[in-house]
Amino acid sequence: MINWNEKTQTFHLQNDSISYVLAIAHNRYLTHCYWGKRLATWSQGYDYPALDRSSFSPTPAEWPDRTFSLDTVLQEYPGHGAGDYREPAFEVRYADGHQVSNLYYVTHRIMTGKPGLQGLPATWVEHDNEAETLIVTLADPVTHLQVDLSYTIFRQHAVIARSAVFTNQAQQPLRLLRALSCGVDLPDNRWQQIQFPGAWARERQWHRQPLNPGINVLDSKRGASSTHQQPFIGLVRPETTEMQGEACGIHLVYSGNFTARTEVDAYRQTRLLLGINPHGFGWQLSPGEQFQTPEAVLAWSDLGLNGLSQTLHCLYRDNLARGPHRHQPRPILANNWESTYFDFNEQKLLKFAANAKALGVELLMLDDGWFGERNGDTSSLGDWFVNTQKFPDGLRPLIDRVHAMEMKFGLWFEPEMISRRSELFSQHPDWVLNAVGQPLSEGRNQYILDLGRKEVRDNILTQMSTFLAEHPVDYIKWDMNRNMTEVGSSTAMVACQQETAHRYIRGVYALLEALTTRFPHILFECCAGGGGRFDPGMLYYMPQAWVSDNTDAASRVHIQYSTSLLYPPIMQCAHVSEVPNHQMGRSTTMDMRGAVAMSGNYGLMLDLMRSDSERDEAVKQQIAFYKQHRPLLQFGTFWRLISPWENPDFASWMFVAPDQSEALVMAFSLVSQASAPLRLLRLAGLTADARYRIDDTENVIGGDELLYRGMWIDPPLSRDYTSRIWHLTRL
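Residues numbered from 1 in each chain as written. Predicted model: local features only at pLDDT ≥ 70, side-chain atom pairs only at ≥ 80, totals over all residues. Heavy atoms only, no water.

1. Observations regarding the UniProt feature "domain: Glycosyl hydrolase family 36 C-terminal" (unreviewed entry) in the chain
Within this structure's numbering, the places UniProt gives as "domain: Glycosyl hydrolase family 36 C-terminal" (unreviewed entry) are residues 651-728. This span, residues 651-728, is 8% helix and 41% strand, and a straight line between its end C-alpha atoms measures 19 Å. (UniProt positions renumbered as here; feature names shortened; annotations may be inferred. Helix = DSSP H or I, 4+ residues; strand = E, 2+ residues; numbered from the N terminus.)

Put into structure tokens, the structure is as follows:
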């Protein structure tokens, strides 16, 4: 899969789908040659045209002519201060105060398999024959900075995984000011960029725009990947659609501050950079010390956006998520939050559980309010022991009774946070993130624990481990409801204060690593006030995430459509909730709420304390349908058919079995029209020369007809917020 041609000084990374080619130019510089559809061979070597652009693009020191400049050549990991005026992938301040770096090729090694990243999540392989890894060593002979660039190509995925390790081999300390995970220089700018701006309850809004000259920056400075952006660069050709055309994406396996930068230079070349946000970042490297960047996942497809999505879906299901749950069916849960909020006790919850069980629910999820003295959002975060006012006999009797109903039991935790009104804060007020002397900002009446400190992590780990050892919990919803302010650590040296945010994220990962290792039977769900930290870094530890606090079905059609570009449905949690919806005040049909929830991990956020025979019967039928088709919905191939971002009144998607033997097609009417045009729905992913029965009728249609001509939506969806599901079986 990785070929080194010593004669041409090129590396060709290749599998059945893609090629990625880099070359050593003039025995020094690591340059980019190609990323795209598989090439049988690469024979050209370094072939960037030798031109004298102008005196404003300088040549390297002692260069024999004026035909080579770092200001114009396509590079793999560009630096700063030696003639390239574009955005750099890294910046270093050395002991003498200057920031000039010249990285030259030193050596390389090729290995089978894929090594892990120290202290960070990353994609992985079960067997070494599933991947090969190239590590290219670059070094600056003057400053003695060494950078090892890692490239892994997977046998079964059209993906390259990249990261970098910095080593200070000098006798003096240096300071990393910027250390991004990857850079890619593309030879043209005939691209459009896809990004996902958003906000709380309005996550991942699909936006497609042309690449314009200059620098475009998408980022988070919030201490988390955030609701406001996704750590992702997506590029498509102008003619690319869901079904055809070239698409590529770079996704960061990281949960903290990030920057995603695109730069179109004066010659219409495009530079892509992704990694830890340099804003507020600095890392002191003493002699001999190393710094590991997070991993970036580079995916490519010539089968449109669906092809790009399916590449990422397979990778994240098989080679990112870990543990016994990644390939297991996910349970149907009922969450008590919108039924009780903080007002509950054992008796209420047993009634809630009994009503849920009668509907076919498999797991009771007890949300916020079960611990400390928590009766609202003003206290007790950090005190992970049972609220004896609500549970005088403890929580174990409730858990046992729920298990006796043949249901699983889940609990809400927010381990990263602390309330001022808590035992933990009274004992350790200095354990919060703080800039000494500055007043502390609050978000949801809470502060953030300094999890970069081992003693703080150990306290939370001990509390949670003790509780979980005594209580047979099956499921944890891990929440995080505010972003960082006053980012500092009371124990860090002055020179290390700008390491705080990254050390915090590494601390979160260390805590998750310890808990998931100690309690592998527990299924963890990631939540952050909804989708505020829905990123590959968290999914490494927790194989599913709460998409949004907005449970309105019409809003969720948009949010889940966008989310599916990157993440498979099995990683998305979606619930049927009450109408009028608690976030939007909108009423949608039960059919539509059910279809949207079935498009992820189906659950209930209904008020099950209230009797409603019509609603309950509809939910029973939905759950029975979901259980019948759960393997297809959770493990099938997902296809987006019609985008609500391009067609505000309508959306459609479908799920196809891996062997194309069956499919579920879903269509959603968002805003109906009088005398509306009829719709032909063209399907995808089926076997062209097969025949498919539609539902349980005598209606049998050829796969080629469904793929190339489509089927009428008959009768039409003629009301707002309605939906329809078709089940196709191959004869």
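Anyway, onward from the coordinates.
2. Comments concerning the environment of Q230
Mapped onto the secondary structure, Q230 falls in the loop between β13 (214-220) and β14 (232-236). Judged by relative accessible area, Q230 falls into the buried class, the value being 3%. Separated by 66 residues in sequence, Q230 and A164 place their C-alpha atoms 21 Å apart. Apart from residues lying up to four places away in sequence, Q230 is in contact with F196, R204, H251, F258, F534, D535, P536, L566 and Y567. (Buried < 20%, exposed > 50% of the residue type's maximum accessible area, 1.4 Å probe, protein only. Contact = heavy atoms within 4.5 Å.)

3. Focus: the sheet that holds strand β26 (residues 475-478)
Strand order in the closed barrel made by the eight strands is β21-β22-β23-β26-β27-β28-β29-β30, with parallel pairing throughout. Shown here is a sheet whose adjacent strand axes are inclined to one another by a mean of 30°, direction ignored. In terms of strand pairing, β26 meets strand β27 (residues 523-526) through four bridges, oriented parallel. The residue bridging Y475 from the neighbouring strand is L523, located in β27. (Pairing = 2+ DSSP bridges. Axes fitted to C-alpha atoms, helices over the stretch in contact; angles between N-to-C directions.)

4. Description of empty space enclosed by the protein
For the structure on display, the rule yields six cavities of 30 Å³ or more. Each pocket or cavity is described by its volume, and for the largest cavity that value is around 190 Å³. If you trace the largest cavity, you find 18 residues lining it, with Y29, Q75, Y77, G79 and L103 closest to the centre. The class makeup of the residues in the lining of the largest cavity is nine nonpolar, seven polar and two charged. There is about 50 Å³ of room inside the second largest cavity. Looking at the second largest cavity, the residues that line it are L433, L440, S441, Y447, I448, R482, T485 and E486. Of the residues contributing to the lining of the second largest cavity, the split by class is four nonpolar, two polar and two charged. (1 Å grid on protein atoms, 1.4 Å probe; cavity = no way out; pocket = protein on both sides within 12 Å on 5 of 7 lines; lining within 4 Å. Points joined across faces, edges and corners; volume = space filled by probe spheres on them. Nonpolar A, V, L, I, M, F, W, Y, C, P; charged D, E, K, R; others polar.)

5. Focus on the UniProt feature "domain: Glycosyl hydrolase family 36 N-terminal" (unreviewed entry) in the chain
The positions UniProt marks with the feature "domain: Glycosyl hydrolase family 36 N-terminal" (unreviewed entry) are residues 29-285. Within residues 29-285, the helical portion is 0% and the strand portion 42%, while the C-alpha atoms at the span's ends are 24 Å from each other.

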